[in-house]
Amino acid sequence: MTIVVAGPSKASSDIARGIAEAMGSRMVTVESKRFPDGESYVRIPEDLGGEDVIVVHTMASPQDRSVMELAMLVDAARGLGASRVIAVAPYTAYSRQDTRFLPGEPVSIAVVLKLLYASGSTGFATVEIHKEHSLRHYPGKAVNVRPYTFMARSIGLGGDILVLAPDQGALPRAEGLARSIDAEYDYLVKHRDRVTGEVVIEPKNIDVNGREVLIVDDIISTGGTIAKAAKSLLSMGAKRVNVMVAHLLGIPGSIERIASSGVERIYAAYTLPRVDDPRVSYIDVSSLIAGEVSRGFKL
Ligand code: R5P
């Protein structure tokens, strides 16, 4: 019988509960506190002897603390005699520093994944890591859960929309979703008007005039990428622009920036603490995570 351990945050425990329900598993809530000097304390208050354990903790801000808490919970589960310990981070922090862009920089995502392995996890799962190939840094088996098709089905998106990636790198996201709902897809390219200097973002091949567009991306941080794309699309005659994102970081001002660019709705997977804003619709992806983790790790 698999046991689901919920990390010490509301988002982690909501997602863990959804995973436990979908798997028909028992959920254990951890004890946690902060020491006067700021260090975190966590404790799993139940015996896990011989069981497979899934530890769920999202790497929300403050990320360093969340990463440490997840690693400490993995070690705690090991100490309680768990058989296999699968670390599930609905959002994986540091995933964008996936290479040494400048000499002297760390590959931060590799540090995070190696820490989790060294702490005793035998598997790792996350939702839509920034670049899937980063998972090669995890020495055990790792699973990347792509949420977009599940999200589109949950909200009943049809094939009449145009799915756009905000850049060429994100094209597989848009393509995967579009194929699953039988929609057209494309990606956006940036041009600079040589006379005015103005930056225009436009689709490579497809005319957006009169179309309902869905921009798909993995992360909304400041909202700048989406806002720029939406403004350009609306100025090219798009009828409506909505956004689907795996991880809404909730940085102050980001939703406002996106909304004032003309985007009507942001559909976000629930992988991070909720932003309370009527323009954001969260989609619970815990049952999707449960299914992929069960399949991936043969639980
Ligand atoms: C970048 O490669 C990511 O996929 C996102 O497009 C980026 O993190 C979004 O950042 P922001 O919301 O600050 O434009």
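Everything numeric in this text was worked out from a predicted model, so none of it was measured.

(A) Structural view of the layout of surface pockets. Estimates place the volume of the largest pocket at around 480 Å³. Listed by contribution, the elements that provide at least two residues to the lining of the largest pocket are α5 (171-181), β10 (184-192), β12 (212-220) and α6 (224-235). Its residues placed into classes, the lining of the largest pocket shows 11 nonpolar, seven polar and 10 charged.

(B) Up close: the pairing of strand β14 (residues 266-269). What you see with β14 is no split at all: Ile266 and Ala268 on one side and Tyr267 and Ala269 on the other are buried throughout. The sheet contact formed by strand β13 (residues 240-248) and β14 spans three bridges and is parallel. Of the residues in β14, the one forming a bridge with Met244 is Tyr267. Considered for its hand, the β-α-β crossover made up of β13, helix α7 (residues 254-260) and β14 is right-handed. Pairing between β14 and strand β15 (residues 280-283): four bridges, direction parallel. Bridge assignment links Tyr267 to a residue of β15, and that residue is Ser281.

(C) Examining the pattern of salt bridges more closely. Enumeration over the complete set of coordinates arrives at 16 salt bridges. With a closest N to O distance of 3.0 Å, Arg179 and Glu175 form a salt bridge. Note that Arg179 and Glu175 are positioned in helix α5 at a spacing of four residues, about one turn of the helix. The exposure class of Glu175 is partly exposed, given its relative accessible area of 24%.

(D) View of the site of the ligand. Neighbouring the ligand are the residues Arg96, His130, Asp217, Asp218, Ile219, Ile220, Ser221, Thr222, Gly223, Gly224 and Thr225. Between the ligand and Asp217, the relevant distance is 2.6 Å, taken from an oxygen atom to a side-chain nitrogen or oxygen of the residue. Here an oxygen atom of the ligand and a side-chain polar atom of Thr222 are 2.5 Å apart. Contact with the protein chains removes 80% of the 380 Å² of surface that the ligand exposes when unbound. According to the grid-proximity analysis, the pocket containing the ligand is the largest pocket. In terms of residues, the shell around the ligand owes the most to one element, β12, which gives four residues. Each residue belonging to the shell around the ligand can be placed in one class, and the counts come to two nonpolar, six polar and three charged.

(E) Here's a closer look at a positive patch on the surface. Taken together, the side chains of Lys190, Arg192, Lys228 and Lys231 define a basic patch exposed on the protein surface. Secondary-structure elements contributing two or more residues to the positive patch are β10 and α6. Considering the arrangement of structural elements, one finds Lys190 in strand β10. Judged by its relative accessible area of 61%, Lys190 is exposed.

(F) Quick look at the packing of aromatic side chains. Scanning the entire structure with this criterion turns up four aromatic pairs. Look at Phe124 and Tyr138: their rings are 5.8 Å apart centre to centre, the planes differ by 35°, and that puts the pair in the tilted class. Here the residue Phe124 occupies a position in strand β7 (residues 123-127), and Tyr138 occupies one in the loop between β7 and β8 (141-145), the gap between them amounting to 14 residues. Taking relative accessible area as the criterion, Phe124 reaches 0% and is therefore assigned buried.

(G) Unusual backbone geometry, seen in detail. Of note, the amide linkage connecting Ser61 to Pro62 takes the cis form, showing an omega dihedral of 0°. As for its placement among the helices and strands, Pro62 is situated in the loop between β5 (53-56) and α2 (63-79). At Asp182, a residue that is not glycine, the phi angle is positive and equals roughly 60°. Turning to its location among the elements, Asp182 is positioned in the loop between α5 and β10. According to the relative accessible area criterion, Asp182 is exposed, its value standing at 68%.

About the thresholds
Residues numbered from 1 in each chain as written. Predicted model: local features only at pLDDT ≥ 70, side-chain atom pairs only at ≥ 80, totals over all residues. Heavy atoms only, no water. 1 Å grid on protein atoms, 1.4 Å probe; cavity = no way out; pocket = protein on both sides within 12 Å on 5 of 7 lines; lining within 4 Å. Points joined across faces, edges and corners; volume = space filled by probe spheres on them. Helix = DSSP H or I, 4+ residues; strand = E, 2+ residues; numbered from the N terminus. Nonpolar A, V, L, I, M, F, W, Y, C, P; charged D, E, K, R; others polar. Buried < 20%, exposed > 50% of the residue type's maximum accessible area, 1.4 Å probe, protein only. Pairing = 2+ DSSP bridges. Right-handed = clockwise from strand over helix to strand, strands pointing away. Salt bridge = Lys/Arg side-chain N within 4 Å of Asp/Glu carboxyl O. Near = heavy atom within 4 Å. Polar contact = N/O pair within 3.5 Å; in protein donor to acceptor, adjacent residues only side chain to side chain. Areas by Shrake-Rupley, 256 points an atom, 1.4 Å probe, with all protein chains shown as cover. Sits in = over half its atoms within 2 Å of the grid points. Patch = residues over 30% accessible without salt bridge, like charges linked within 9 Å, V, L, I, M, F, W, Y side chains within 5 Å. Lys, Arg positive; Asp, Glu negative; His and termini not counted. Charge placed at Lys NZ, Arg CZ, Asp CG, Glu CD. Phe/Tyr/Trp six-rings, centres within 6.5 Å; stacked < 30°, edge-to-face > 60°.

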